[in-house]
Amino acid sequence: MANRTDPAAKSIRGTNPQNLVEKILRSKIYQNTYWKEQCFGLTAETLVDKAMELDHLGGTYGGNRKPTPFMCLVMKMLQIQPEKEIVIEFIKNEDYKYVRVLGAFYLRLTGTDVDVYRYLEPLYNDYRKLRRKLADGQFTLTHVDEVIDELLTKDYSCDIALPRVKRRWNLESLGSLEPRRSALEEDFEEEEEKEDNDQPADELEDRAYEKDYYRGRDRDRDRDRDRDRERDRDRYRLREEKDYGREREGRERDRRDRDRDRGRRRSRSRSRSRSKDRKDYDGGDYRKRHARSSASPRRHGDGHEDDEPKKKKEKKEKKEKKDDGTDHPDPEIAEANKLRAALGLKPLKV
Amino acid sequence: MIEVVLNDRLGKKVRVKCNDDDTMGDLKKLVAAQTGTREWYPIYKDHITLKDYEIHDGMGQLYYN
């Protein structure tokens, strides 16, 4: 009874308007408490009141695909089929953004192609934030224009398959629509004019780009240089040369190289020593690389242990062993630890 | 280290190795890595550890949907 479409309602796209929502979702909505309590006997006017109370949009969520109140109201609108003027009023109103989105959604489902573009495109200029409920029940942030973009470009939104609308350029070539004028178009034109007039400003920009490019190239050269050095020589000698290099090159680059090499050195030493210091450095490689290393005797002590022949083995081991306790002999546990490290969890305690 | 068994009554059974002081949130992440996120019954709070929920090794089954 409450679920039958208004007999005076027209059929949309050749079918009962409620069929726009697929069967399973429809049943879920009919069984939903919000639908049964709030949506009984709603008219166009009372529907507005309910819509003003909305505070999030979304499709279905949870393990048993519970529909959101937004969905229920969409369904209600399909059932009672408000007049086009009313829907347009929904869309035009500025005060209640969820009412706007509700109207836009309904129009997208039921309106003609031209109407869809004509009334939804102005909403691209609305940047207000919206709360969207995801399938797992959590909320995420989105914006009105993002939702409109989804409605106009995707086939599926809020767990409802959106009916096909013709492409915009089709309608433009038919002459039903004018080419789209973006609200940002004037800003673009201004930018272009500025660019034509301001030549020096451009040159400055180019110069800045060039500087970065050269610096990048030097960086690469340094990196290669350091890598060669480390491969061939002893730690001690490396350290000396780094000091020498420090005098020669700029300070910034050194700090970067230092950290990078420290990171490399650090991980190498750690992969050798099974001592307690491994536990201190949980949480993935990235933290090590960015942190300033200390000149602790322990670290230098580790450096002492390494010899040349071991270095090659180290490099191999570094590839197989991770730094986070994932070098467990049992492959299952090692894999589990790898996953845990990826998630940011501590390794398994065996 | 304990091994927890999760069952989604449609025939998917997942065994997950974890520490007993991992939180439910961590466990959910580990399960999600294997099977995808779902809703769990009973509904567990994310910040409570398995130890507090008294979920022991190999014990019973946690259900998810």
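Residues numbered from 1 in each chain as written. Chains lettered and ligands numbered in written order. Predicted model: local features only at pLDDT ≥ 70, side-chain atom pairs only at ≥ 80, totals over all residues. Heavy atoms only, no water.

(A) Main features of the interface of chain B and chain A. Contacts between the two partners involve 14 residues from chain B, matched on the other side by 14 residues from chain A. The contact between chain B and chain A buries some 1200 Å² in all, and 56% of this surface belongs to carbon and sulfur atoms. Where chain B meets chain A, there are three salt bridges. Glu332(A) is paired through a salt bridge with Lys17(B); the nearest N and O atoms lie 2.9 Å apart. For the interface between chain B and chain A, the tally reads six residue pairs in polar contact (both at pLDDT 80 or more). Every element with two or more residues in the side of chain B that touches chain A is listed here: strand 2 (12–18) and helix 1 (24–35) of chain B. Per element, the largest residue contribution to the side of chain B that touches chain A is four residues, and it comes from helix 1 of chain B. A breakdown of the residues in the side of chain B that touches chain A according to their chemical character gives five nonpolar, two polar and seven charged. (Contact = heavy atoms within 4.5 Å. Buried area = accessible area lost by both parts, 1.4 Å probe. Salt bridge = Lys/Arg side-chain N within 4 Å of Asp/Glu carboxyl O. Polar contact = N/O pair within 3.5 Å; in protein donor to acceptor, adjacent residues only side chain to side chain. Helix = DSSP H or I, 4+ residues; strand = E, 2+ residues; numbered from the N terminus. Nonpolar A, V, L, I, M, F, W, Y, C, P; charged D, E, K, R; others polar.)

(B) Quick peek at the pattern of salt bridges. Residues and elements named next belong to chain A. This structure, assessed with the given rule, holds 16 salt bridges over all chains. Ionic pairing is found between arginine 100 and aspartate 126, a salt bridge with its closest N-O pair at 2.6 Å. Of this pair, arginine 100 sits in helix 6 (residues 97–110) while aspartate 126 sits in the loop between helix 7 (113–120) and strand 4 (129–133); the two residues are 26 residues apart in sequence, bridging distant segments of the chain. Accessibility assignment for this pair places arginine 100 and aspartate 126 in one class, buried. Among the ionic pairs, glutamate 172 bridges to arginine 168, the shortest N-O distance being 2.6 Å. Highlighted residues: glutamate 172 and arginine 168, both in helix 9 (residues 168–174), separated by four residues, approximately one helical turn. Residue arginine 168 is classed as buried on the basis of its relative accessible area of 16%. Each of Glu94, Arg100, Asp126 and Arg128 takes part in salt bridges that share partners, so that together they form one network. (Buried < 20%, exposed > 50% of the residue type's maximum accessible area, 1.4 Å probe, protein only.)

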